[in-house]
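Structural overview
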Amino acid sequence: MKALFTEEARTRGVVVRTSVSYLPEQSEPARGRWFWAYHIRIENEGETGVQLLTRHWIITDGRGARHSVEGEGVVGEQPMIAPGGSFDYVSGCHLATPTGSMQGSYHMLAEDGSAFDVAIPKFGLIAPAVAG
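A brief structural summary. (Residues numbered from 1 in each chain as written. Predicted model: local features only at pLDDT ≥ 70, side-chain atom pairs only at ≥ 80, totals over all residues. Heavy atoms only, no water.)

**Some details on the side chain of Ser-19**
- Looking at where Ser-19 falls in the secondary structure, it is placed in strand E2 (residues 14–22).
- There is a polar contact of 3.1 Å between the side chain of Ser-19 and the backbone oxygen of Leu-4.
- Apart from the residues within four sequence positions on either side, Ser-19 is in contact with Leu-4, Phe-5, Thr-6, Ala-37, Tyr-38 and His-39. (Helix = DSSP H or I, 4+ residues; strand = E, 2+ residues; numbered from the N terminus. Polar contact = N/O pair within 3.5 Å; in protein donor to acceptor, adjacent residues only side chain to side chain. Contact = heavy atoms within 4.5 Å.)

**A word on the side chain of Thr-60**
- Topologically, Thr-60 is positioned in strand E4 (residues 50–61).
- Apart from the residues lying within four places of it in its own chain, the contact partners of Thr-60 are Ala-65, Arg-66, Leu-95, Gly-100 and Ser-101.

**Things to note about the pattern of salt bridges**
- Using the criterion set out here, one finds six salt bridges in the structure.
- Across the salt bridge formed by Arg-41 and Asp-88, the nearest N and O atoms sit 3.0 Å from each other. Placement of Arg-41 in strand E3 (residues 34–44) and of Asp-88 in strand E7 (residues 86–95) is noted, with a sequence separation of 47 residues between them.
- On the accessibility criterion, Asp-88 (30% relative accessible area) is partly exposed. (Salt bridge = Lys/Arg side-chain N within 4 Å of Asp/Glu carboxyl O. Buried < 20%, exposed > 50% of the residue type's maximum accessible area, 1.4 Å probe, protein only.)

**Side note on the sheet that holds E7**
- Spatially, E1-E2-E3-E7 is the arrangement adopted by the four strands of the open sheet, whose pairing is antiparallel. Only two strands of the sheet have a single partner each, and these edge strands are strand E1 (7–11) and E7. Averaged over all adjacent pairs, the angle separating strand axes in this sheet is 20°, with direction ignored.
- Examined bridge by bridge, E3 and E7 share 10 bridges and lie antiparallel to one another. Bridging from a neighbouring strand, Arg-41 pairs with Asp-88 of E7. (Pairing = 2+ DSSP bridges. Axes fitted to C-alpha atoms, helices over the stretch in contact; angles between N-to-C directions.)

**Concerning the environment of Ala-9**
- Looking at the element boundaries, Ala-9 is found in strand E1.
- Residue classification places Ala-9 among the buried residues on the basis of a relative accessible area of 14%.
- Measuring from C-alpha to C-alpha, the distance between Ala-9 and Glu-28 comes to 32 Å, with 19 residues separating the pair along the chain.

None of this, on its own, says anything about what the molecule does.
If you want it as structure tokens, here you go:
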């Protein structure tokens, strides 16, 4: 199953794995719109449960323009991840260029009351070449 995920980052026993897919059916290159779906798996290899409270994304397009996105939880949830457990979700991103990248962090709260940030590894958003 790990072959599905192309990037990973580890922070304090929490592993974030990413996989991305270009969605041609939701993209309109002629109108300057490209769309990707990304799959995130958060695994807790630590000895205490953790809860994902907030997310912070930095989205960079092919021209180098950066857009920051912050909010509570992911996909409407603030999941509690037990030791040995994992949480998966899928979301999407659109850009006005055929290439870009995403990276960021999750703010976690451990059962012992400590709070910490978990890195989300940088992953590319790359549309296949369009024959012209």
